[in-house]
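The lines below spell out each chain.
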Amino acid sequence: MSPSEKRRQEILKVLQSSQKPESASSLARRFSVSRQIIVGDIALLRAASYAIDATPRGYVMQRENSQARRVIACRHEDARLQEELYTVVDNGCGVLDVIVEHPLYGEISGSLQIFSRYDVDAFCKKLEKEKANPLCALTGGIHLHTLSCPSEEAYQRVLSALREKGILFEKPEE
């Protein structure tokens, strides 16, 4: 086994045992290589069918989740992004991803893995620091989220709260 193959196996062990996202920079320090080497290693691991998500806070292994997954459609201006995410986590669900439909590229998704106000704040700070636009800026604010829901009641609370705030994107009444 080559040194790079050994390093990739060690990266897998780190990700499998970690309870939090691991940034490319922290992995680079741990293995005494450049951040770009780690990014390449992760790409090769993903190409080898390892279920690794790249989140705004770092890499995480996808874990089997007994919680129900539900997809919701939302629409809001950029200024309400934090409010939307707080609403979901405050009502007991997690936000796994964001998905938009692009006219040229089709479906574009980004892994979020947001489960608390702390996660929301970290995501919003990173958006601001990087001067990045959220994916929903590409679609006039319309986007989907896959939610991780511990119960049907939590899911219904999220729907109700987002509907009340005018963020839930639903078919208009005819």
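**Looking at the overall build of the protein chain**
Within the protein chain one finds six helices and six strands. Listing every helix and strand of the protein chain by position from the N terminus yields α-α-α-β-β-β-α-β-β-α-β-α. Along the first, second and third principal axes, the C-alpha atoms of the protein chain reach 65 × 35 × 25 Å. As presented, the protein chain carries roughly 10,400 Å² of accessible surface, and 49% of it is formed by carbon and sulfur atoms. When the 24 positive and 24 negative side-chain charges of the protein chain are each reduced to one mean point, those points stand 8 Å apart.

**Observations regarding the packing of aromatic side chains**
The full count for this structure, using the stated rule, is zero aromatic pairs. Directly above the ring of Tyr155 sits Arg70, whose terminal nitrogen or CZ lies 5.2 Å from the centroid.

**Description of the side chain of Arg8**
Note on placement: Arg8 falls in helix α1 (residues 3-17). Classification of Arg8 by relative accessible area gives buried; the value is 16%. Beyond its immediate chain neighbours, meaning those up to four positions away, Arg8 contacts Asp41, Leu44 and Leu45.

**Observations concerning the side chain of Asp119**
You can see Asp119 is positioned in helix α5 (residues 117-129). Residue contacts for Asp119: discarding those within four places in its chain leaves Arg57, Gln113 and Ile114.

**Quick notes on unusual backbone geometry**
Residues other than glycine seldom take positive phi values, yet Ser32 does so here, at roughly 55°. In this structure, Ser32 sits in the loop between α2 (24-31) and α3 (35-47). Under the relative-accessibility criterion, Ser32 is labelled exposed at 68%. Phi is positive for Lys131, close to 50°, though the residue is something other than glycine.

What counts, and where the lines are drawn
Residues numbered from 1 in each chain as written. Predicted model: local features only at pLDDT ≥ 70, side-chain atom pairs only at ≥ 80, totals over all residues. Heavy atoms only, no water. Helix = DSSP H or I, 4+ residues; strand = E, 2+ residues; numbered from the N terminus. Areas by Shrake-Rupley, 256 points an atom, 1.4 Å probe, with all protein chains shown as cover. Lys, Arg positive; Asp, Glu negative; His and termini not counted. Charge placed at Lys NZ, Arg CZ, Asp CG, Glu CD. Phe/Tyr/Trp six-rings, centres within 6.5 Å; stacked < 30°, edge-to-face > 60°. Lys NZ or Arg CZ within 6 Å of the ring centre and 35° of its normal. Buried < 20%, exposed > 50% of the residue type's maximum accessible area, 1.4 Å probe, protein only. Contact = heavy atoms within 4.5 Å.

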